Amino acid sequence: MFAEVDAEAKQKLEAMVAATGAPKWAILEALIDRAELDPTGRPVWWEEPDNHQEALDIPA
């Protein structure tokens, strides 16, 4: 898995790795496993609006 993150997020992850001695993948997996999701599968803390776009009615 590759993900671009900002410097602050990377520093937080590196701090967790240093504090626990666990590899990055283990920290990320644990965070994902513990994320509370709403009934639609979105994290309960997610504040961004849905990015659903309406389909255009384009004839074939």
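The sections below set out a description of the structure shown in this document. Note that the structure is predicted; figures quoted are calculated from it, not measured.

### Details of the environment of Asp57
Phase 1 of the analysis: Residue position: Asp57 is located in the segment after α2 (24–33).
Phase 2 of the analysis: Along the sequence, Asp57 and Asp6 sit 51 residues apart, while their C-alpha atoms lie 38 Å from each other.

### Points about the packing of aromatic side chains
Phase 1 of the analysis: Scanning the model with the defined rule gives one aromatic pair in all.
Phase 2 of the analysis: Taking the centre distance of 5.7 Å and the plane angle of 55 degrees together, the rings of Trp45 and Trp46 count as tilted.
Phase 3 of the analysis: Classification of Trp46 as partly exposed rests on a relative accessible area of 39%.

### Some remarks on helix α1 (residues 7–20)
Phase 1 of the analysis: Helix length check: α1, at 14 residues, gives a terminal C-alpha distance of 20 Å against a target of 20 Å (1.5 Å per residue), a fit within 8%.
Phase 2 of the analysis: Two or three places before Glu8, at the opening of α1, Asp6 has a side-chain oxygen 3.2 Å from that residue's backbone nitrogen.
Phase 3 of the analysis: Phi turns positive, to about 80 degrees, at Gly21, one or two residues after α1.

### Remarks on the packing of α1 against α2
Phase 1 of the analysis: Close contact between α1 and α2 brings their axes to 9 Å; oriented N to C, the two are set at 105 degrees. In terms of orientation, α1 and α2 fall into the roughly perpendicular class. On α2, the residues that touch Leu13, Glu14, Met16, Val17 and Thr20 of α1 are Lys24, Ile27, Leu28 and Leu31.
Phase 2 of the analysis: Along the lines of polarity and charge, the residues of the contact of α1 with α2 split into six nonpolar, one polar and two charged.

### Comments concerning the pattern of salt bridges
Phase 1 of the analysis: In the structure shown here, the tally under the stated rule is two salt bridges.
Phase 2 of the analysis: Here Glu8 and Lys12 are joined by a salt bridge, their closest N and O atoms 3.8 Å apart. Taken together, the residues Glu8 and Lys12, both in helix α1 and four residues apart, mark about one turn of the helix.
Phase 3 of the analysis: A salt bridge links Glu14 to Lys24; the shortest N-O distance between them is 2.8 Å. In this pair, Glu14 is assigned in helix α1 and Lys24 in helix α2, connecting sequence segments ten residues apart.
Phase 4 of the analysis: Given a relative accessible area of 32%, Glu14 falls into the partly exposed group.
Phase 5 of the analysis: Among the residues examined, Lys24 registers a relative accessible area of 39% and is labelled partly exposed.

The rules behind each value
Residues numbered from 1 in each chain as written. Predicted model: local features only at pLDDT ≥ 70, side-chain atom pairs only at ≥ 80, totals over all residues. Heavy atoms only, no water. Helix = DSSP H or I, 4+ residues; strand = E, 2+ residues; numbered from the N terminus. Phe/Tyr/Trp six-rings, centres within 6.5 Å; stacked < 30°, edge-to-face > 60°. Buried < 20%, exposed > 50% of the residue type's maximum accessible area, 1.4 Å probe, protein only. Expected span 1.5 Å × (residues − 1). Polar contact = N/O pair within 3.5 Å; in protein donor to acceptor, adjacent residues only side chain to side chain. Axes fitted to C-alpha atoms, helices over the stretch in contact; angles between N-to-C directions. Parallel < 35°, antiparallel > 145°, perpendicular 65-115°, else oblique. Contact = heavy atoms within 4.5 Å. Nonpolar A, V, L, I, M, F, W, Y, C, P; charged D, E, K, R; others polar. Salt bridge = Lys/Arg side-chain N within 4 Å of Asp/Glu carboxyl O.

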